[in-house]
Amino acid sequence: MIPCSPAFTPQPQATDLKATAALLQLAMQLHHQRATAHVLDGRVLVLDDDAYLLMPHPVREPGPFAVSVEFPDGVEIGAVFDLLGSSFDHPCLRQAMLLVAQAKEDLDVARAKAKGLIQDFVAEFAQAA
């Protein structure tokens with residue numbers, strides 16, 4: 001008898017997990033905001049590295065590469081929850097998160113390559129000494 005092998009379950013990509021976490025964090029911020037107001041007048045939705053922030057944020061300021069868009073006057077928090085649905089997800093927000101995550105990875109790769117090239121340049125002086 002052949003032992004049963006567990007069915008292969010593909011693991012979600014790390015960037016997908018980051019997007020899901022970012023959207024859940026946004027949902028928590030919206031829920032917290034709803035405790036004091038029902039509209040998002042003057043609030044700004046910011047994508048900063050790997051998180052969505054609802055600005056102004058009590059603890060954090062967006063970084064230099066953040067992308068932000070202001071909500072129009074009169075947008076109700078409940079309407080945002082309705083659009084996100086019970087899964088707290090939206091294809092536009094997920095795609096934006098994935099684009100920024102990819103750009104961050106690309107920047108990390110470029111920085112590592114640039115550092116290696118600079119190290120090669122400096123190494124020429126060590127050989128000459």
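Anyway, here's the lowdown on the structure attached to this text. (Residues numbered from 1 in each chain as written. Predicted model: local features only at pLDDT ≥ 70, side-chain atom pairs only at ≥ 80, totals over all residues. Heavy atoms only, no water.)

On to the overall build of the chain, then. Scanning the chain from N- to C-terminus turns up three helices and three strands. Reading the secondary structure of the chain in the N-to-C direction produces α-β-β-β-α-α. By the burial criterion, 23% of the 129 residues in the chain qualify as buried. Considering only residue pairs separated by 6 or more positions, the chain has 64% of its internal contacts joining residues 24 or more positions apart. Summed over all atoms, the accessible surface of the chain reaches about 9400 Å², with 63% contributed by carbon and sulfur. (Helix = DSSP H or I, 4+ residues; strand = E, 2+ residues; numbered from the N terminus. Buried < 20%, exposed > 50% of the residue type's maximum accessible area, 1.4 Å probe, protein only. Contact = heavy atoms within 4.5 Å. Areas by Shrake-Rupley, 256 points an atom, 1.4 Å probe, with all protein chains shown as cover.)

Let us now look at a nonpolar patch on the surface. Among the surface-exposed residues, Ile-118, Phe-121, Val-122 and Phe-125 lie close enough to one another that they form a single nonpolar patch of about 430 Å² accessible area. Note on placement: Phe-125 falls in helix H3 (residues 91–128). (Patch = residues over 30% accessible without salt bridge, like charges linked within 9 Å, V, L, I, M, F, W, Y side chains within 5 Å. Salt bridge = Lys/Arg side-chain N within 4 Å of Asp/Glu carboxyl O.)

Attention shifts here to the nonpolar core. Counting 18 residues, the largest nonpolar core has Leu-30, Leu-40, Tyr-52 and Leu-93 as its most contacted members. Those elements that provide at least two residues to this core are helix H1 (14–34), strand S1 (44–48), strand S2 (51–55), helix H2 (77–84) and H3. Broken down by element, this core gets its largest block of residues, six residues, from H1. Discounting chain neighbours no more than four positions away, the residues touching Tyr-52 are Ala-22, Leu-23, Leu-26, Gln-29, Leu-45, Val-46, Leu-47, Leu-93, Ala-96 and Met-97. (Core = buried A, V, L, I, M, F, W, Y, C linked by side-chain atoms within 4.5 Å.)

Another aspect to go through is the pattern of salt bridges. Scanning all chains against the criterion turns up two salt bridges. Arg-94 is paired through a salt bridge with Asp-89; the nearest N and O atoms lie 3.1 Å apart. Judged by its relative accessible area of 24%, Asp-89 falls in the partly exposed class.

Let us now look at the packing of aromatic side chains. Scanning all chains against the criterion turns up two aromatic pairs. Here the aromatic rings of Phe-121 and Phe-125 are separated by 5.2 Å at their centres, their planes lie at 80 degrees, and the arrangement is edge-to-face. Taken together, the residues span about one helical turn, with Phe-121 and Phe-125 both in helix H3 at a distance of four residues. (Phe/Tyr/Trp six-rings, centres within 6.5 Å; stacked < 30°, edge-to-face > 60°.)

Note on placement: Ala-96 falls in helix H3. Beyond its immediate sequence surroundings of up to four residues, Ala-96 is in contact with Leu-47 and Tyr-52.

Before going further, it helps to examine H2. Buried residues of H2: Ile-77, Val-80, Phe-81 and Leu-84, and no others. For H2, the angular spread of the buried residues around the axis is 100 degrees, confining them to a single face. Set apart from the buried face of H2 by more than 90 degrees, the exposed residues are Asp-82 and Leu-83. Downstream of H2 by one or two residues, Gly-85 has phi in the positive range, about 75 degrees. (Arc of directions from axis to C-beta.)

With five of five residues buried, S1 is to be regarded as a mostly interior element. Here five bridges tie S1 to S2, and the two strands are oriented antiparallel to one another. Bridging across to S2, Val-46 finds its partner in Leu-53. Hairpin connection, S1 to S2: the antiparallel pair is bridged by two residues, and Asp-49 has positive phi, about 55 degrees. (Pairing = 2+ DSSP bridges.)

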